[in-house]
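Understanding the architecture of this molecule
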Amino acid sequence: MSERSKFQESITRENAAVVLVDHQVGLLSGVRDIPVGELKHNVVALARAATVLDIPLVVTTTAADSM
């Protein structure tokens, strides 16, 4: 596969993943452009959709024990 054609490949569950970075209660409160409840709802819905569609889900955190 050429370098150019790999960027024209369709997205599939084999070549994609959903990455959720630092969606912690303490950090959600810092968001100002969307209500916290709506943000939480959207993140949960995205994670559930990825699970149902069998898309790999990567969840990261920087402070699991303190937040």
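Residues numbered from 1 in each chain as written. Predicted model: local features only at pLDDT ≥ 70, side-chain atom pairs only at ≥ 80, totals over all residues. Heavy atoms only, no water.

1. Describing the overall build of the chain
Selection rule: Counting from the N terminus, the helices are DSSP H or I runs at least four residues long and the strands are E runs at least two residues long. We call two residues in contact whenever any of their non-hydrogen atoms come within 4.5 Å of each other. Accessible surface is estimated by sampling points in the Shrake-Rupley manner with a 1.4 Å probe; for residues, cover comes only from the protein chains shown.
If you tally the helices and strands in the chain, you get three helices and two strands. The order of α-helices and β-strands along the chain, N terminus first, is α-β-α-α-β. Taking contacts inside the chain between residues at least 6 apart in sequence as the whole, the part at least 24 apart equals 73%. Element-wise, carbon and sulfur atoms account for 58% of the exposed surface of the chain, whose accessible area totals about 5500 Å².

2. Considerations on helix H3 (residues 36-52)
An α-helix turns once every 3.6 residues. As a result, residues three or four positions apart point the same way. Operational definition: Expected span, for any helix, means 1.5 Å times one less than how many residues it has.
In this model, H3 (17 residues) spans 24 Å end to end at C-alpha, consistent with the 24 Å of a helix rising 1.5 Å per residue. Packed against the buried residues of H3 are strand E1 (18-21), helix H2 (25-28) and strand E2 (57-60). One or two steps after H3, the chain reaches aspartate 54, where phi turns positive at roughly 60°.

3. Re unusual backbone geometry
Located in the positive-phi region is aspartate 54, a residue other than glycine, with phi close to 60°. Checked against the element boundaries, aspartate 54 lands in the loop between H3 and E2.

4. What about the environment of histidine 23?
The cut-off we apply is this: Residue exposure (1.4 Å probe, protein chains only): buried if accessible area is under 20% of the type maximum, exposed if over 50%, otherwise partly exposed.
Within the fold, histidine 23 resides in the loop between E1 and H2. Using a relative accessible area of 39% as the deciding quantity, one classes histidine 23 as partly exposed. Note: C-alpha distance between histidine 23 and threonine 62 (39 residues apart in sequence) is 9.9 Å. Contact partners of histidine 23, with chain neighbours within four places excluded, come to Leu28 and Val43.

5. Let's talk about a nonpolar patch on the surface
What counts here: The patches reported here contain residues having more than 30% relative accessible area and no salt bridge. Joining distances are 9 Å for like charges and 5 Å for nonpolar side chains (Val, Leu, Ile, Met, Phe, Trp, Tyr). A side-chain nitrogen of Lys or Arg and a carboxyl oxygen of Asp or Glu constitute a salt bridge if their distance falls within 4 Å.
A contiguous nonpolar surface patch, about 240 Å² in accessible area, is contributed by Val19, Val21 and Val58. Of note, valine 19 is situated in strand E1.

6. Structural notes on the confidence of the model for the chain
So the rule is basically this: As a per-residue measure, pLDDT tells how confident the predictor is, with possible values from 0 to 100.
Looking at the chain, pLDDT values average 83 and 85% of them are 70 or higher. Mean pLDDT in the chain bottoms out at helix H1 (residues 3-6), which sits at 66, and peaks at H3, which reaches 91.

7. Considering the pairing of E1
Applied cut-off: For two strands to be treated as a pair, DSSP must find no fewer than two bridges joining them.
A one-sided burial pattern is seen for E1, the buried positions being Val18 and Leu20 and the unburied ones Val19 and Val21. Strand direction decides the pairing type here: E1 and E2, joined by four bridges, are parallel. Opposite valine 18, over in E2, you have leucine 57 as the bridge partner.

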